[in-house]
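Listed here are the chains, written in short residue letters.
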Amino acid sequence: MKLLYVGDPMCSWCYGFGKEMTALMAMHPGLALDIIVGGVRAGATDVLDQAGKAFRLGHWDRVAAQSGLPFNRAALMAREHFVYDTEPVCRAVVAARKLAASADLLAVFRALQHAFYVDGRDTTDGKRLSAVVAQQLQLDVAVVLRTWQDSDTIAATRADFARARALGVRSFPALLLDNGVDLIEVSGGYAPVQQLSQRLHQAIAA
């Protein structure tokens, strides 16, 4: 029995959901967690203009109100020529999984989110992403960067995107329970940990 968390580090509702997921896993330390990156805007090529930034800030305000987490709005507004492509950051999660399969991948996922939403870093840049992952896994940045650039990692990231679609997930975050026979939805969107825990107990008992 394990949980499947489908999300994207540059999905703002996934950022809000991270705190709830950490709390949920602390309540269920014996339950395994698989993270599947969904690629909410993977491969995007359009430059984020002021209207696009304002649209995202509206989402950020709603997530902040629900989760209480901080957002660096000024950093987003100040960034120029920014392409909101989520493939690189999703690939960083996959690279971490390849390098340290037994590591706390949720912590890596959340560190990448913090880098974007709080520190205002460019999480489409491989070197910056590798530095975040390397710090979390206590590895050399060059080792992480090589893994991030590797064609096998690119393919594995695309496989995650395909798996998310195959699971029927169309919006993020999504949390499913795999009981070995069926997949049971625990949450199709953001929810506080109290609701998640209640739904999880119901799913386990189903």
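Residues numbered from 1 in each chain as written. Predicted model: local features only at pLDDT ≥ 70, side-chain atom pairs only at ≥ 80, totals over all residues. Heavy atoms only, no water.

1. A look at the pairing of strand S2 (residues 32-37)
The cut-off we apply is this: Here, any two strands with at least 2 DSSP bridges between them count as paired. Strands are runs of DSSP state E lasting at least 2 residues, helices are runs of H or I lasting at least 4, and numbering of each runs from the N terminus. Call a crossover right-handed when, viewed with both strands pointing away from you, the route from the first strand across the helix to the second goes clockwise.
Here strand S1 (residues 2-7) runs beside S2; their pairing, made up of 6 bridges, is parallel. The partner of Lys-2 across the bridge, within S2, is Ala-32. What joins S1 to S2 is helix H1 (residues 12-27), and the crossover it makes is right-handed.

2. Some remarks on the side chain of Asp-178
Our working definition: Exposure categories follow from relative accessible area, calculated using a 1.4 Å probe and restricted to protein chains: below 20% of the type maximum is buried, above 50% is exposed, and the middle band is partly exposed. Charge assignment: positive for Lys and Arg, negative for Asp and Glu; neither His nor the chain ends contribute. When a carboxyl oxygen of Asp or Glu lies within 4 Å of a side-chain nitrogen of Lys or Arg, that pair is called a salt bridge. In the analysis that follows, any N or O atom pair within 3.5 Å is treated as a polar contact, provided that within protein one partner can donate a hydrogen and the other can accept it, and provided that, for residues neighboring in sequence, both atoms belong to side chains. We call two residues in contact whenever any of their non-hydrogen atoms come within 4.5 Å of each other.
By secondary structure assignment, the location of Asp-178 is in strand S3 (residues 174-178). It is Lys-2 that comes nearest to the buried, bridge-free Asp-178 among opposite-charge side chains, at 4.7 Å. Within polar-contact distance, the side chain of Asp-178 engages the backbone nitrogen of Gly-180 at 2.9 Å. Setting aside chain neighbours within four positions, we find Asp-178 in contact with Met-1, Lys-2, Leu-4 and Leu-183.

3. Structural notes on the pattern of salt bridges
Using the criterion set out here, one finds 8 salt bridges in the structure. Residues Asp-119 and Arg-121 are paired through a salt bridge, measuring 3.7 Å at the closest nitrogen-oxygen approach. For Asp-125, the salt bridge is made with Arg-128, and the minimal N-O distance between the two is 3.7 Å. Residue Arg-128 is classed as partly exposed on the basis of its relative accessible area of 44%.

4. Thoughts on the environment of Phe-109
Mapped onto the secondary structure, Phe-109 falls in helix H5 (residues 105-117). Residue classification places Phe-109 among the buried residues on the basis of a relative accessible area of 0%. For the pair Phe-109 and Val-94, spaced 15 residues apart in sequence, the C-alpha separation works out to 9.8 Å. Setting aside anything within four residues of it in sequence, one finds Phe-109 in contact with Tyr-5, Gly-7, Asp-8, Pro-9, Ile-35, Val-37 and Val-93.

5. With respect to the pairing of strand S4 (residues 183-188)
A regular strand places its side chains so that they alternate between the two faces of the sheet. Relative to S4, S3 is paired through 5 bridges, and the arrangement is antiparallel. Pairing of Ala-174 across the sheet is with Gly-188, part of S4. Where S3 hands over to S4, the hairpin turn is made up of 4 residues, of which Gly-180 adopts a positive phi near 95°.

6. So, the packing of helix H4 (residues 87-99) against H5
Filter applied, for reference: Axis lines are fitted through C-alpha atoms, for helices just across the contact stretch, and the angle between N-to-C directions can take any value from 0 to 180 degrees. Should an angle fall under 35 degrees it is called roughly parallel, over 145 degrees roughly antiparallel, and 65 to 115 degrees roughly perpendicular, with every other angle called oblique. Handedness of a helix crossing follows the sense of rotation of the near helix relative to the far helix, less than a right angle counterclockwise being left-handed and clockwise being right-handed. Basically, the charged four are Asp, Glu, Lys and Arg, the nonpolar ten are Ala, Val, Leu, Ile, Met, Phe, Trp, Tyr, Cys and Pro, and anything else, Gly included, counts as polar.
H5 packs onto H4 with a crossing angle of 150° between their chain directions and a minimal axis gap of 10 Å. For the element pair H4 / H5, the angle class is roughly antiparallel. Between H4 and H5 the crossing geometry is right-handed. In this structure, H4 uses Val-89, Ala-92, Val-93, Ala-96 and Arg-97 to contact H5, whose residues at the interface are Leu-105, Val-108, Phe-109 and Leu-112. Residues of the contact of H4 with H5, tallied by class, amount to 8 nonpolar, no polar and 1 charged.

7. A few points about the packing of helix H6 (residues 126-137) against helix H7 (residues 141-149)
Put simply, H6 and H7 touch, their axes get as near as 8 Å, and they point 120° apart. Taken as axis vectors, H6 and H7 run oblique relative to one another. Crossing handedness for the pair H6 and H7: right-handed. The residues of H7 that touch H6, namely those facing Gly-126, Lys-127, Leu-129, Ser-130, Ala-131, Val-133 and Ala-134, are Val-141, Val-144, Leu-145 and Trp-148. Of the residues that constitute the contact of H6 with H7, the class distribution is 8 nonpolar, 2 polar and 1 charged.

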